[in-house]
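# Close look at the chain arrangement
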Amino acid sequence: MSELLFTPEQITAIERTRAEVSQLHQQLVRYDLVVWTGGNISGRVPGTELFVIKPSGVDYPELTPESMVVCTLDGRKVAGFSGSQRNPSSDTASHAYVYRHMPDVHGVVHTHSDFATSWAARGEAIPCVLTAQADEFGGEIPVGPLALIGDEQIGRGIVDTLQGHRSRAVLMANHGVFTIGKHAREAVKAAVMVEDVARTAHYARVGGEPIALPGEAVDKLFDRYQNVYGQPQQ
């Protein structure tokens, strides 16, 4: 466990991130993306070399800002915060690997949501057959390699698969979904959306072979959604 000193501004940023990450876990429950204590969210703390992550094996209704675990970017717990007595998520080393190797990523989410994970169980990418998928992910949702939990293997697979890819989601083979974002909320949105498109693509395939969107259409849809859709940033 690391003993570190922080400025008042950094402590404020840490506590804000703990509150945000704690609250966002309830969105995983709301959208039926997790069962029991499975799944997790982490968020990078602005202005620091830290991130905040869910404690291991704690029921979702019991999660609070004070229970979130503060970690360094090499996955070590930081002493001096409530929650530091808890074990962080078993995916902590992989989240840390993502943050070290993808500096623009400020949020990581993991779920075993039903439909998306069924594609992962087949080792099959979700083809881009929906305009909503083109908007959000810019193409197919790729499959990452089989990697075992407990060290940074999964993180390495996430990075190797998503670097240079427009998708913010990866289906880790025989495991589940990992999503990334510019902040934790964006990664949660990606986790919600990947399950939505996985479900629709599954149902479409039941009725026949879905029709893939042309690449040019995918590019136009992605560009518009990412750069025009919604309200101007303040």
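The coordinates are above.
What you are looking at is a predicted structure, and each value in this text was computed from that prediction instead of being measured. (Residues numbered from 1 in each chain as written. Predicted model: local features only at pLDDT ≥ 70, side-chain atom pairs only at ≥ 80, totals over all residues. Heavy atoms only, no water.)

### Topic: unusual backbone geometry
- Look at Asp32: it is not a glycine, yet its phi comes out positive at around 55 degrees.
- Position of Asp32 among the secondary structure elements: in the loop between helix H1 (8-30) and strand S1 (40-44).
- The backbone of Asn174 sits at a positive phi, close to 60 degrees, despite the residue not being glycine.
- Within the secondary structure, Asn174 is located in the loop between strand S6 (169-172) and strand S7 (176-181). (Helix = DSSP H or I, 4+ residues; strand = E, 2+ residues; numbered from the N terminus.)

### Topic: the packing of aromatic side chains
- Throughout the structure, instances matching the rule amount to four aromatic pairs.
- Pairing Phe51 with Tyr99 gives two aromatic rings, centres 5.2 Å apart and planes at 45 degrees, and the pair type is tilted. Of this pair, Phe51 sits in strand S2 (residues 50-53) while Tyr99 sits in helix H2 (residues 92-101), placing them 48 residues apart in sequence. Considered together, Phe51 and Tyr99 belong to a single accessibility category, that of buried residues.
- Judged by centre distance (4.7 Å) and plane angle (25 degrees), the ring pair of Tyr225 and Tyr229 falls under stacked.
- Above the ring of Trp119, the side-chain terminus of Arg122 is found at 4.5 Å from the ring centroid. (Phe/Tyr/Trp six-rings, centres within 6.5 Å; stacked < 30°, edge-to-face > 60°. Buried < 20%, exposed > 50% of the residue type's maximum accessible area, 1.4 Å probe, protein only. Lys NZ or Arg CZ within 6 Å of the ring centre and 35° of its normal.)

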